[in-house]
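Letter by letter, the chains look like this.
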Amino acid sequence: MITLPTSDNRLEAYRVTGTPLVPRPPKVQLTRTAFAAAHVISDPIAERNPWDTRPAVDWDATLAFRQDLWDQGLGLAEAMDTAQRGMGVDWPTAKELIERTMRAAKAHPMKPRVACGAGTDHKTLVELDSEEAIVAAYQTQMEAIEAVGGQLILMATRALPAIGATPDSYARVYGKLIDQAAEPVILHWLGDMFDPALTCYWGSNDVAAATDAVLDIIAANPRKIDGIKISLLDQAHEEAFRKRLPDGVRLYTGDDFNYADLIAGDGEHYSHALLGIFAAISPAAAQALEALAQGDMETYQRLLAPTVPLSREIFRAPTRFYKAGVAFLSWLNGQQSHFIMPAGFQSSRDIVHYAEVFRLADQAGLLRHPELAVKRMSLLLALHGIEQGGA
């Protein structure tokens, strides 16, 4: 038993009852492309002035976390918002992360797919005051990623909304970037619930107008676009959007609220996955995708359905703080030795939230080592003045 706080400011006893899912390789070829967006694990001993300096990274633990995803048959979305790009992790750290990850991926026996985020975050918004400056900034990161063999994800940039870019501006900028890319790219539409600075992306605050603008960009470059990741947390919009995509262009769901239904599809169309939550629920995600590939919808739903309440809690508003939940589960599961994040980001969520994540992870079979998870949860609770066993 463990004593946990509740949303109405009470303490209640909770007994861990979940049966842990055991991570394993897939038995069949998956029928959905699935990228898990992974976090960065800090080195708290080496960290100095965490709010003001380049983060110290535990490279061994960070790469081991990625190896675990690959061992289960998942691809990796590297150096994305889950890795705290622009929220604690700078471009020099992201570049080193990409380089280290690509070396590890090439040596992995399953030869996993790795797509990497190219953005403009090595420049300030003051410096990015024109389309030309934004294109040049993107090109710097694109070249670094392609040099080590990573697939490009053209991350949404804060710079375009900051200059009041119109749909025509987006078309010109993205047209140049897509044309320069050596291989097909993945576009990235991140809603303002993930980053308020991305409001009015694609040149409009109206979702329908923004949709038309990005679809025009895709229609002009279908052979150079692998797909688009959409993170608007709107299932109906995503279902309508994917129907309008040219043949061969994938919809990668970034909807951490509705991914189970979107990946399953409606019988005619379905989404692939590029999800931060998949890093936190990897055994359930990988084994559910295996069941889907085998045509076993009952097992697919049985594995993924319990993860949806967990994901909705991790990604609840303010959604941009979801990274803390991903790192928290990594700590509970023994994949890192501490619960410290770049820029002290673990403080972005409260103890009641972490307690609920603990409960829901247990109910989804995602506490790999329940005794360790209880021990670590008890430690975090004690730091918040909630002692166990009457102490």
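To be clear, the structure that these remarks concern was listed above.
Residues numbered from 1 in each chain as written. Predicted model: local features only at pLDDT ≥ 70, side-chain atom pairs only at ≥ 80, totals over all residues. Heavy atoms only, no water.

Chemist: Lay out the layout of surface pockets with the relevant residues and their values.
Modeler: Roughly 410 Å³ of volume is contained in the largest pocket. Arg-85, Gly-86, Asp-121, Ala-156 and Arg-158 are the residues nearest the centre of the largest pocket, which is lined by 26 residues in total. Here the lining of the largest pocket is composed, by residue class, of 12 nonpolar, six polar and eight charged. Along the walls of the second largest pocket sit 15 residues, with Gln-29, Leu-30, Gly-73, Leu-74 and Gly-75 positioned nearest its centre. Its residues placed into classes, the lining of the second largest pocket shows eight nonpolar, four polar and three charged. (1 Å grid on protein atoms, 1.4 Å probe; cavity = no way out; pocket = protein on both sides within 12 Å on 5 of 7 lines; lining within 4 Å. Points joined across faces, edges and corners; volume = space filled by probe spheres on them. Nonpolar A, V, L, I, M, F, W, Y, C, P; charged D, E, K, R; others polar.)

Chemist: Can you lay out unusual backbone geometry for me, pointing to particular residues and giving the numbers?
Modeler: In this structure, the amide linkage connecting Ala-317 to the following residue, Pro-318, adopts the cis form with an omega of -5 degrees. Relative to the helices and strands, Pro-318 resides in the loop between helix H12 (307-314) and helix H13 (323-332). Unusually for a residue other than glycine, Ala-79 sits at a positive phi of about 55 degrees. Given a relative accessible area of 1%, Ala-79 falls into the buried group. Phi is positive for Gln-84, which is not a glycine, with a value near 65 degrees. As for its placement among the helices and strands, Gln-84 is situated in the loop between strand E4 (75-78) and helix H2 (91-107). Under the relative-accessibility criterion, Gln-84 is labelled buried at 2%. (Helix = DSSP H or I, 4+ residues; strand = E, 2+ residues; numbered from the N terminus. Buried < 20%, exposed > 50% of the residue type's maximum accessible area, 1.4 Å probe, protein only.)

Chemist: So, the side chain of Asp-256: which residues are in play, and what are the values?
Modeler: Looking at the secondary structure, you find Asp-256 in the loop between strand E9 (250-253) and helix H8 (259-264). One buried charged residue, Asp-256, forms no salt bridge at all, with the nearest opposite charge on Lys-229 at 5.9 Å. Contact partners of Asp-256, with chain neighbours within four places excluded, come to Phe-194, Leu-233, Leu-275, Gly-276, Ile-277, Ser-311, Arg-312 and Phe-315. (Lys, Arg positive; Asp, Glu negative; His and termini not counted. Salt bridge = Lys/Arg side-chain N within 4 Å of Asp/Glu carboxyl O. Contact = heavy atoms within 4.5 Å.)

Chemist: Go over the sheet that holds strand E7 (residues 185-190), please, and point to the residues and values.
Modeler: Reading around the barrel, the eight strands line up as E3-E4-E5-E6-E7-E8-E9-E10 and close back on themselves, with parallel pairing between neighbours. The average undirected angle you get between the axes of adjacent strands in this sheet is 25 degrees. The pairing of E9 with strand E10 (residues 272-275) spans two bridges and is parallel. Paired with Thr-253 across the two strands is Ala-273, which belongs to E10. H2 rests against E4 and strand E5 (114-118) of the sheet, and its axis sits at about 165 degrees to E5. (Pairing = 2+ DSSP bridges. Axes fitted to C-alpha atoms, helices over the stretch in contact; angles between N-to-C directions.)

Chemist: Kindly report on the packing of aromatic side chains, identifying the contributing residues and their values.
Modeler: Scanning all chains against the criterion turns up 20 aromatic pairs. A ring pair is formed by Phe-321 and Phe-345, whose centres lie 5.9 Å apart and whose planes are at 65 degrees; its orientation type is edge-to-face. Of this pair, Phe-321 sits in the loop between H12 and H13 while Phe-345 sits in the loop between H13 and helix H14 (351-363), and the two are 24 residues apart along the sequence. Both residues of the pair, Phe-321 and Phe-345, count as buried. An aromatic cluster of three or more residues is present, and its members are Tyr-138, Tyr-170, Tyr-174, Trp-189, Tyr-201, Trp-202 and Phe-241. Taking NZ or CZ as reference, Arg-32 lies 3.5 Å from the ring centre of Tyr-270, over its face. (Phe/Tyr/Trp six-rings, centres within 6.5 Å; stacked < 30°, edge-to-face > 60°. Lys NZ or Arg CZ within 6 Å of the ring centre and 35° of its normal.)

Chemist: Hey, could you go over empty space enclosed by the protein for me, with residue numbers and the actual values?
Modeler: What the rule picks out here adds up to three cavities of 30 Å³ or more. When its volume is computed, the largest cavity comes out at roughly 40 Å³. What lines the largest cavity is simply Leu-21, Ala-279, Ala-280, Ser-282, Pro-283, Asn-333, Gln-335, Gly-365, Leu-366 and Arg-368. Counting residues per element, the ones that place at least two in the lining of the largest cavity are helix H9 (277-280) and helix H10 (282-293). A per-class count over the lining of the largest cavity returns five nonpolar, four polar and one charged.

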